[in-house]
Amino acid sequence: MASKALRSSSSARAAVPALSPLCLACAAALSVPGAAWAQAAPVTLKEVVVSGSRSERALDEVPASVDVLTGEDLDGAQVQDIRDLARELPNVSVKRAAQRFSGVSPGGTGRDGNAGFNVRGLEGNRVLLTVDGIRVPRELTSGVFGSASFGRDYYDLGLISRVEILRGASSALYGSDGLAGMVAMSTTEPAELLKAGQTFGGRVGLKLDSENDSRGVGLTLAGRPSDTLQWLGSVQVGRSSELDNQGTNTALNSTRTAPNPQKDEDVSVLGKLVFTPGGGQKHTITLEHVDKSSEVEAYTGRTTSATSGSVLDLDGTTDMRRSRLSWDGRFRIDSAWADELRATVGVQDSDSREVTHEQRTVSPTQRSRDVTYSEQLWQGVLQAEKTRALGGDWSQKLVYGADVTVSHMDNLVTGTGAPSYERYPLKRFPETRETTTALFVQSEFATDRWSVIPALRYDRFELKPRNDGLYPLDAASLSDSAFSPKLGVIFRPASNWSLFGNLAAGFRAPSPLQLNNYFENPFGNYRTIPNPDLKPETSQTLELGTRGSTHGFQWEAAVFNGRYKDFIEELVAVGGSMFTPADPLTYQAVNRGRVRLHGFELKGHYALGKATNLRVAFGQTQGKDTVTDRPLNSVNPAKLVVGLDHRLGDWKLGAALTHVAKKSTSDIDTSGTPNQFATPAYTTLDLSASWQVTPSTRLSAALRNVTDRKYWEWTNVRGIAAHSPVLDAYTAPGRSLALALVTEF
């Protein structure tokens, strides 16, 4: 079966110009003759659940940097949303810009909320996000949508029991979007709540956070009605207000630096059935629904004086929903071609909507805009695993299979009082079906000292738009393919430490909006047009590292270097002139960026005593566009975190000192916004405490920014001018307190 997968990849070779040397090397490494198999006892490979790799393995058997957050790492007081997941991780962040809704800042920032993850300087759809292996909807931001933008915070962490953040290209196993890395989340399993011999159990959680005045309650129940059946049901409800900052101007207009009043509501539901009929079978059926809504009184959208064209009032609402039904089946078959077979089928429906209402001094005095973005996804994966013995002390673990994803993406812009050059309703891109079919294979050759892990994946994707009366252009179709090889190596000089290396390729297919971007202003003589010649973005990354433990000290260190090409840049002027109505200024999405990113990460834990641990993490990334020789603004400054944890009976006390370096002006691309604000260095102190009230009840607290330090995070303020009168609107929250109470039964 493995050779069949490889033959299928080879037969598609004509679809791409040539195979890279890395691709050929991986193909050669994977092509082990059947006659080489021996009957010696195989080396036992450690197996733990790590969904950052298609092959389940122990964390120290992965030839790449991976952060695994579970258990106390997800304590409700310290982790309230996805921003908190990245708080202490090197080279990882989550953007959360201030909700401005005004023309003072570019595009009226912050409407996408927790926009998504930034991993080693790349963000947005260049980072693959999954829940239980099913892809999360993509980010949608573009100038043609005006201020409207949709992020990727389709999560409720109350439903999540495990988060893995894989750094480096992941396309060799997971396909498109894994240029920079992958964030894989797993929802709670019934077995996590049911103790031995228990047939019914559950968990109740309460949490509060002064940072955004959030209040949340969650109830999760689980049962085991028989030896072969388990079930789980969970409901999470939350309410919150605007995210705090350290702005002090409370004016009811665009000069305001205090946050706009905001009201958020979240409701999430999870249901699971786990059926284990015997014979090595396990079937998991999951139903998940996440519903988030927000209302904003946008004082910052009001003009400062009632002149002609003034905005007297502006309100906005956003809604984000995702529903998913999936089945995960595992079969123990113990045949010549596979030991275990796994099948996953998921159906997901998601939609985001943003509605704004304006009251103006000129006709039309009432203006509204309603923008929606939707994705419907069907995903199916069939995967086989086989462990065999080779000659001597070598063994092999083979993982191979097929992956099919079909997505339908659509949008709609409507409202009242449209600009004179447009008629509602309309679409910025036509409804588009994206189909991706892939074959993948990974092989691990292992001894006590060595693991050599080549992998190769072939993807064929097609974007096919539908004719739509609301989209006036001739829509372009696009089909292309990509080979994504990977080669990982682990060397263990001793039982307590190892060296690893990982060379991997990644790619990201163009989005429907990039392919068929539409906007036209005939009075202003400018427009956008489709680009059927877009190519996928690609990457090649190299990572070298070491990890180990000795005398109570655990460490991991890694250096990385990545080269990325054919970056897609939207709204690039490609011809015409604003002064020639017959040939208007024309914009298009084009491939033109070449980027290099490099840096390093250090992580360590040291046991100062039986009850005291010191932890340190440091990360630094540098990047630039090698064509223009300009810095890459999505790269964040270096970050150092030093933490101390101490257990005292039923108590656990902690402190974390975070220092973030300044953003140098020489490290900012000012071609878009001259004289951008360069964030100064800052240091914050966070304190935490956890009390195990009873064996089943825990009360925890986190006091953040104890010194009430005023600071700016680069990821949230980039693009803002240094002389902006509303700079304080982008400050991070001051001192805040979070509490969580969890009890299990």
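Residues numbered from 1 in each chain as written. Predicted model: local features only at pLDDT ≥ 70, side-chain atom pairs only at ≥ 80, totals over all residues. Heavy atoms only, no water.

### Considering the overall build of the protein
What counts, and what does not: Only DSSP runs of H or I covering at least 4 residues are called helices, and only runs of E covering at least 2 are called strands; the numbering of each starts at the N terminus. In this setup the radius of gyration rests on C-alpha atoms only. A globule is expected at 2.2 Å times the number of residues raised to 0.38. Only protein chains enter the accessibility calculation, which uses a 1.4 Å probe; a residue is then buried when its area is under 20% of its type maximum, exposed when over 50%, and partly exposed in between. By definition in these notes, contact holds between two residues if any of their heavy atoms fall within 4.5 Å. Throughout, the Shrake-Rupley method with a 1.4 Å probe supplies accessible areas, and for residues the shown protein chains are the sole cover considered. Counted charges follow a simple rule, with Lys and Arg positive, Asp and Glu negative, and His plus the chain ends left uncounted. The location of each charge is read from NZ of Lys, CZ of Arg, CG of Asp or CD of Glu.
Of regular secondary structure, the protein possesses 6 helices and 34 strands. Against the compact-globule benchmark of 27 Å for 745 residues, the protein has a radius of gyration of 26 Å, which places it among compact chains. Here the C-alpha coordinates of the protein stretch approximately 85 × 65 × 55 Å along the principal axes. Relative to its 745 residues, the protein shows a buried fraction of 54%. When contacts within the protein are restricted to residue pairs at least 6 apart in sequence, those whose partners lie at least 24 apart make up 69%. Per element, the accessible surface of the protein, about 30700 Å² overall, is 56% carbon and sulfur. Taking the average location of the 80 positive side-chain charges in the protein and that of its 82 negative ones, the two points are 3 Å from each other.

### Notes on the environment of Arg596
Here is the rule we go by: Any N or O atom pair separated by 3.5 Å or less is treated as a polar contact, with the protein-specific requirement of one donor-capable and one acceptor-capable atom, and with residues adjacent in sequence counted only for side-chain atom pairs.
On the secondary structure map, Arg596 appears in strand 27 (residues 585–607). Note: C-alpha distance between Arg596 and Gln622 (26 residues apart in sequence) is 8.2 Å. Within the structure, Arg596 has its side chain in polar contact with the side chain of Asn561 (distance 2.8 Å).

### Considering the confidence of the model for the protein
The criterion, for reference: pLDDT: the predictor's confidence for each residue, scored from 0 to 100.
Across the protein, the average pLDDT comes to 89, with 92% of residues at or above 70. Segment residues 1–18 is flagged for pLDDT under 50; beyond a separation of four residues in sequence, or across chains, it makes 22 contacts in the model. Across residues 33–47, where pLDDT falls below 50, the model places 32 contacts with residues more than four positions away in sequence or in other chains.

### Quick notes on the sheet that holds strand 4 (residues 127–131)
To be explicit about the condition: DSSP calls a pair of strands paired once it identifies at least 2 bridges connecting them.
Pairing is mixed in the open sheet, where 5 strands are placed in the order 1-8-9-4-5. Strands at the two margins of the open sheet, each flanked by one partner only, are strand 1 (66–70) and strand 5 (134–135). Strand direction decides the pairing type here: strand 8 (residues 160–167) and strand 9 (residues 181–187), joined by 7 bridges, are antiparallel. Among the inter-strand pairings, Arg167 is bridged to a residue of strand 9, identified as Gly181.

### What to know about the nonpolar core
For clarity, the threshold we go by: Buried Ala, Val, Leu, Ile, Met, Phe, Trp, Tyr and Cys residues that are joined via side-chain atoms within 4.5 Å together make up what is termed a nonpolar core.
Membership of the largest hydrophobic core comes to 33 residues, with the highest contact counts inside it found for Ile82, Leu85, Phe117, Tyr155, Val163, Val183 and Met185. Breaking this core down by element, the ones donating at least two residues are helix 3 (82–85), strand 2 (92–94), strand 3 (117–119), strand 4, strand 8, strand 9, strand 26 (553–575) and strand 27. In this structure, Val163 is in contact with Asp67, Val68, Leu69, Leu74, Leu85, Val183, Ala184 and Met185, ignoring residues within four places of it in sequence. Ala64, Met182, Ala184 and Val399 belong to the second-largest nonpolar core, a separate cluster that totals 14 residues.

### Section: the side chain of Ser498
If you trace the backbone, Ser498 turns up in strand 22 (residues 497–508). Owing to a relative accessible area of 7%, Ser498 belongs among the buried residues under this scheme. Those residues within four positions of Ser498 in sequence are excluded, and the remaining contacts are Ile490, Phe491, Arg492, Pro493, Gly545, Thr546 and Arg547.

### Brief notes about the pairing of strand 33 (residues 697–704)
The pairing of strand 32 (residues 682–694) with strand 33 spans 7 bridges and is antiparallel. The residue bridging Thr694 from the neighbouring strand is Thr697, located in strand 33. The antiparallel hairpin formed by strand 32 and strand 33 contains 2 residues in its connecting segment. Relative to strand 34 (residues 736–744), strand 33 is paired through 8 bridges, and the arrangement is antiparallel. Within the sheet, the bridge partner assigned to Arg698 lies in strand 34 and is Val742.

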